[in-house]
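Chains, contacts and geometry: an overview
Spelled out from the first residue to the last, the chains are:
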Amino acid sequence: MNKPINSPFRYAGGKFYARNLILRHITPHSYYVEPFAGGGSIFFAKQKVVNNWLNDIDEAIINTYLIIRDQPEELISYLDGEQATKERHSYYKNEFHPQNQLEAAARWFYLNRTSYSGIMKQQNCYWGYGDKYSMRPENWPRNIRRTSEKLQDVKITNLDFEQVIETVPDNTFLFIDPPYFNADQDKFYTHSFSKDDHYRLCKILKKHHNRIYFLLTYDNTTEVRDLYEWAIEMHDKEWNYTISRTDDQKKGQKKGDNFKGARYKGKEVFILNYDSTANFFDQPKQLVIGF
Ligand SMILES: C[S@@+](CC[C@H](N)C(=O)[O-])C[C@H]1O[C@@H](n2cnc3c(N)ncnc32)[C@H](O)[C@@H]1O
């Protein structure tokens, strides 16, 4: 129930590939909060603590988390017999109109597992499943059950980040992963995040920085560094990763081929309001988890 697992979702901007780097900088805590949870890759990769809170402004992902937490068997039954095909993807995307929260979660889960990079915004949600590299439908029940176990007793809300940060108890640890400062992220996320929202985030973190601990990840730009010059630590971080896929997004390649993985480099700044050398978690060896 408390072991590190992978996020149940594929998620644009997810921190799956940076999870070990991030976990190394987290300070010990007993209350853990993600105000911008998305796919929650850090929450799922770490050990749960006494209190855990996941929040996101996207009501569809939060509804899916709630159904996975509270009605995993109903969701599994609903998806039973599903196949990952372009036709079913198109059906769920364009024709299916959920009549209740369970159906909405089933639609979201199906599209997330079968869309290119898990991008769920209607205009940019394209078929992107490959038998070799994607989680096959017969493995979805296992994924849903283990996620549900980990989500037991976790607080899950659909609020703006400010309402979360304002109300967390003293000494809470927050992993903060907002949309990038200098990138058009509107194509990924259902709610846009303006420059004013970035300044609002900075202001509220500054207001509470003496009573909470936070690790903030951002694109590594001058504006971000200037905005957070008051923080205690700033680390430039880079990591390499490879994505193998057999989707339709790469032009000139035949579906079903064994494409070579594309190489990418993640580049961000980690901003902390505490001294991370003071009390590291042990090197989290158990965190290397296969797909
Ligand atoms: C970079 S993603 C988080 C990725 C996540 N750490 C992961 O590993 O999958 C940013 C998230 O912030 C959410 N978001 C955008 N505006 C928000 C707001 N005002 N309050 C709370 N969440 C917001 C988006 O819906 C998106 O899921």
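All of the points below concern the structure found in this document. (Residues numbered from 1 in each chain as written. Predicted model: local features only at pLDDT ≥ 70, side-chain atom pairs only at ≥ 80, totals over all residues.)

1. Observations concerning the packing of helix α4 (residues 72–79) against helix α7 (residues 140–151)
- At a minimum axis distance of 10 Å, the contact between α4 and α7 shows a crossing angle of 165°. In this view, α4 runs roughly antiparallel relative to α7, as classed from their interaxial angle. Between α4 and α7 lies a crossing whose hand is right-handed. Of the residues in α7, those touching α4 at P72, L75, I76 and L79 are W140, P141, I144, R145 and S148.
- Here the contact of α4 with α7 is built from residues that sort into seven nonpolar, one polar and one charged. (Axes fitted to C-alpha atoms, helices over the stretch in contact; angles between N-to-C directions. Helix = DSSP H or I, 4+ residues; strand = E, 2+ residues; numbered from the N terminus. Parallel < 35°, antiparallel > 145°, perpendicular 65-115°, else oblique. Left-handed = near helix turned anticlockwise from the far one by under 90°. Contact = placed C-beta atoms within 7 Å. Nonpolar A, V, L, I, M, F, W, Y, C, P; charged D, E, K, R; others polar.)

2. What to know about the environment of E73
- Note on placement: E73 falls in helix α4.
- For E73, a count of 11 C-beta atoms within 10 Å gives the class exposed.
- With 71 residues separating them along the chain, E73 and I144 place their C-alpha atoms 8.5 Å apart. (Buried ≥ 20, exposed ≤ 12 C-beta atoms within 10 Å, placed from the backbone.)

3. Focus: the environment of S148
- Its location among the elements puts S148 in helix α7.
- Sequence separation between S148 and I67 is 81 residues, and the spatial gap between their C-alpha atoms is 8.7 Å.

4. Focus: the nonpolar core
- L75, L174, F214 and L215 are the most contacted members of the largest nonpolar core, which has 52 residues in total.
- The element best represented in this core is helix α6 (residues 101–114), accounting for six residues.
- With sequence-adjacent residues up to four places away left out, L174 is seen in contact with V33, P35, I165, V168, I212 and F214. (Core = buried A, V, L, I, M, F, W, Y, C linked by C-beta atoms within 7 Å.)

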